[in-house]
Amino acid sequence: MTASSKPLADSSAPVRKGEELNAARLGDYLAEQLGQRDARLEIEQFPQGFSNLTYLVRFGSDEYVLRRPPFGNTVKSAHDMGREFNVLSKLSRVYELAPKPVVYCTDESVLGAPFYMMERRRGIILRRKLSKELQPDPQTFRRLGTAFIDNLARLHSLDYQAAGLGDLGKPEGYVERQVNGWIARYDKAKTDEWPAMDETAKWLVENRPPESGAALIHNDYKYDNVVLDSNDLTRLIGVLDWEMCTIGDPLMDLGCTLAYWIQGTDTEALKYFVPGPTFLPGNLTRQELLDRYAVTSGRDVGQVLFYYCYGLYKLAVIIQQIYARFARGFTQDPRFADMNQQVGSLSRSAARAIAIGGVS
């Protein structure tokens, strides 16, 4: 960070057209749940993110984050508010980076879908485009990258049984289910022909390794899902977006993180998509990230190529699902208009990794 700069906390914005919440119904509900009859309600939206919708709710003197499924959602299991609330309720007791949930509402007459609210963690979230006030220097990036990957290894070491999360997932057969499941999801959301997607899917089926173990995994661990201390950008103060958290193979989780980690030698098309400034000078390379994880976790990462290609394929499918919502008229968010091109870029990256046999 430059000496004269002062980072600004991640900010909210006016609610996007078509994604407004019923303020009157929400106000009445919160007044009853939180016992504040005369509290003033203000609603804004966090404009980033592509899955569950996230809002800043000011109620009286308090600030909360509200999450609800996207409008036009047809994949109920991918936007289970109750599951996410349950995870945070238990995880926040043993893992201080998980925000504490406050209320969970199943009454769809309030906002048209189940939703929950949690405490707000006020800090810095790094995006691909950095503001002038936020320009980490190479040394800061390197220290942050180390802290970031060490935290993933720490998460994978948590005693999920002791936390009461043992029934969150079924680790046996996890790798096979995930590969087959994401291939099926792609077929349902497909809108364009990308030969590399088909080639990667075939390779994943034919090169699936045995299970490497079971751990609590985040499944979407990347820079714009971590909150950093405004006064020390190398210190994590929160981890967000637990909707895909489960019990499964930790190396599958690592593969997803590596897929998000776009580095300086990658194509400009990938840098356009990246959810964080991982390609700027000072950042660890994917290989350095992998090596650090291996040392910190003590896990064998010898078959990382499979997990990395799985991460790229899964990410491409998630983006395809979002683009399909746009193409089918369920959202008008202009950010989604060219997402199909990102599917092509990611699938070509997977094909290239398979060809060279590594993550570089």
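Refer to the structure presented above.
This structure is a prediction, so every number in the text was calculated from the model and none was measured.

> Go over the nonpolar core, please, and point to the residues and values.
With 93 residues, the main nonpolar core has Leu216 and Trp242 as its most contacted residues. Among the elements that make up this core, the one with the highest residue count is helix α10 (residues 304-327) (16 residues). Of all hydrophobic cores here, the second largest spans 17 residues; its members include Ala31, Val57, Leu66 and Val103.

> Mind laying out the environment of methionine 252, listing which residues take part and the relevant values?
Relative to the elements of secondary structure, methionine 252 occurs in helix α7 (residues 250-260). In this structure, the C-alpha to C-alpha distance between methionine 252 and phenylalanine 306, residues 54 residues apart in sequence, is 8.8 Å.

> Would you mind going over the pairing of strand β8 (residues 232-239) in detail, with residue names and values included?
Taken across its eight residues, β8 has six buried, putting it largely inside the fold. Both strand β7 (residues 226-229) and β8 contribute to a ladder of four bridges, which runs antiparallel. Each residue of the ladder has a partner; that of aspartate 229, found in β8, is aspartate 232. In textbook terms, the turn of a hairpin is the stretch between consecutive antiparallel strands, and for β7 and β8 this stretch comprises two residues.

> Would you mind going over the packing of aromatic side chains in detail, with residue names and values included?
Tallied over the full model, the rule gives twelve aromatic pairs. Three or more aromatic residues joined by ring pairs form one cluster here, namely Phe148, Tyr221, Tyr223 and Trp261. Sitting over the ring of tryptophan 182, arginine 185 keeps its end group 4.3 Å from the ring centre. Directly above the ring of tyrosine 260 sits lysine 222, whose terminal nitrogen or CZ lies 5.1 Å from the centroid.

> Pulling in residues and values, what's your account of the side chain of threonine 234?
By the secondary structure assignment, threonine 234 is in strand β8. Exposure remark for threonine 234: the relative accessible area of 11% places this residue in the buried category. Within polar-contact distance, the side chain of threonine 234 engages the side chain of arginine 143 at 3.4 Å. Within the structure, threonine 234 has its side chain in polar contact with the side chain of aspartate 232 (distance 2.7 Å). The residues touching threonine 234, leaving out its near neighbours within four places in the chain, are Thr140, Arg143, Leu144 and Ala147.

> Give a description of the state of the cysteines that names residues and reports values.
Across all of its chains, the model carries zero disulfides by this definition. A disulfide-free cysteine, cysteine 256 has its sulfur positioned 12 Å from the sulfur of cysteine 309, the nearest such atom. Classification of cysteine 256 as buried rests on a relative accessible area of 4%.

> Now, about the packing of helix α5 (residues 174-189) against helix α6 (residues 195-206): what can you tell me, with residues and values included?
At their nearest, the axes of α5 and α6 sit 10 Å apart, and the two run at 160° to each other. Here α6 runs roughly antiparallel to α5, going by the angle between their axes. For the pair α5 and α6, the crossing hand works out as left-handed. Taking contact as the criterion, the partners of Val179, Ile183 and Tyr186 in α5 are, on α6, Met197, Asp198, Ala201, Leu204 and Val205. Among the residues forming the contact of α5 with α6, the class breakdown is seven nonpolar, no polar and one charged.

> Explain the pattern of salt bridges to me, and be specific about the residues and the numbers.
Scanning the model with the defined rule gives 21 salt bridges in all. In this structure, glutamate 63 engages arginine 120 in a salt bridge whose closest nitrogen and oxygen atoms are separated by 2.9 Å. With a gap of 57 residues between them, glutamate 63 in strand β3 (residues 62-68) and arginine 120 in the loop between β5 (115-119) and α4 (138-157) connect regions that are remote in the sequence. Assessed through its relative accessible area of 25%, glutamate 63 is described here as partly exposed. Classification of arginine 120 as buried rests on a relative accessible area of 15%. Taken together, the shared-partner salt bridges in this structure form one network comprising Arg40, Glu42, Glu44, Arg58, Glu63, Arg120 and Arg122.

> Tell me what's going on with α4, and back it up with residues and numbers.
Compared with an ideal rise of 1.5 Å per residue, which puts 20 residues at 28 Å, α4 spans 29 Å between its outermost C-alpha atoms and is within 8% of the ideal. Every buried residue of α4 is listed here: Thr140, Phe141, Leu144, Gly145, Phe148, Ile149, Asp150, Asn151, Leu152, Ala153, Leu155 and His156. Buried residues in α4 make contact with β6 (215-217), β7, β8, α7 and α9 (286-297).

> Mind laying out the sheet that holds strand β2 (residues 53-59), listing which residues take part and the relevant values?
Spatially, the five strands line up as an open sheet ordered β1-β2-β3-β5-β4, and their pairing is antiparallel. Edge positions in the sheet fall to β1 (41-45) and β4 (101-105), since each of these pairs with one other strand and no more. Neighbour-to-neighbour, the strand axes of this sheet turn through a mean angle of 25°, independent of strand direction. Strand direction decides the pairing type here: β1 and β2, joined by five bridges, are antiparallel. Residue isoleucine 43 lies in a different strand from β2, and its bridge partner there is valine 57. Most of the contacts of helix α2 (residues 81-91) go to β4, to which it runs at about 155°, and overall it touches β3, β4 and β5.

About the cut-offs
- Residues numbered from 1 in each chain as written.
- Predicted model: local features only at pLDDT ≥ 70, side-chain atom pairs only at ≥ 80, totals over all residues.
- Heavy atoms only, no water.
- Core = buried A, V, L, I, M, F, W, Y, C linked by side-chain atoms within 4.5 Å.
- Buried < 20%, exposed > 50% of the residue type's maximum accessible area, 1.4 Å probe, protein only.
- Helix = DSSP H or I, 4+ residues; strand = E, 2+ residues; numbered from the N terminus.
- Pairing = 2+ DSSP bridges.
- Phe/Tyr/Trp six-rings, centres within 6.5 Å; stacked < 30°, edge-to-face > 60°.
- Lys NZ or Arg CZ within 6 Å of the ring centre and 35° of its normal.
- Polar contact = N/O pair within 3.5 Å; in protein donor to acceptor, adjacent residues only side chain to side chain.
- Contact = heavy atoms within 4.5 Å.
- Disulfide = S-S within 2.5 Å.
- Axes fitted to C-alpha atoms, helices over the stretch in contact; angles between N-to-C directions.
- Parallel < 35°, antiparallel > 145°, perpendicular 65-115°, else oblique.
- Left-handed = near helix turned anticlockwise from the far one by under 90°.
- Nonpolar A, V, L, I, M, F, W, Y, C, P; charged D, E, K, R; others polar.
- Salt bridge = Lys/Arg side-chain N within 4 Å of Asp/Glu carboxyl O.
- Expected span 1.5 Å × (residues − 1).

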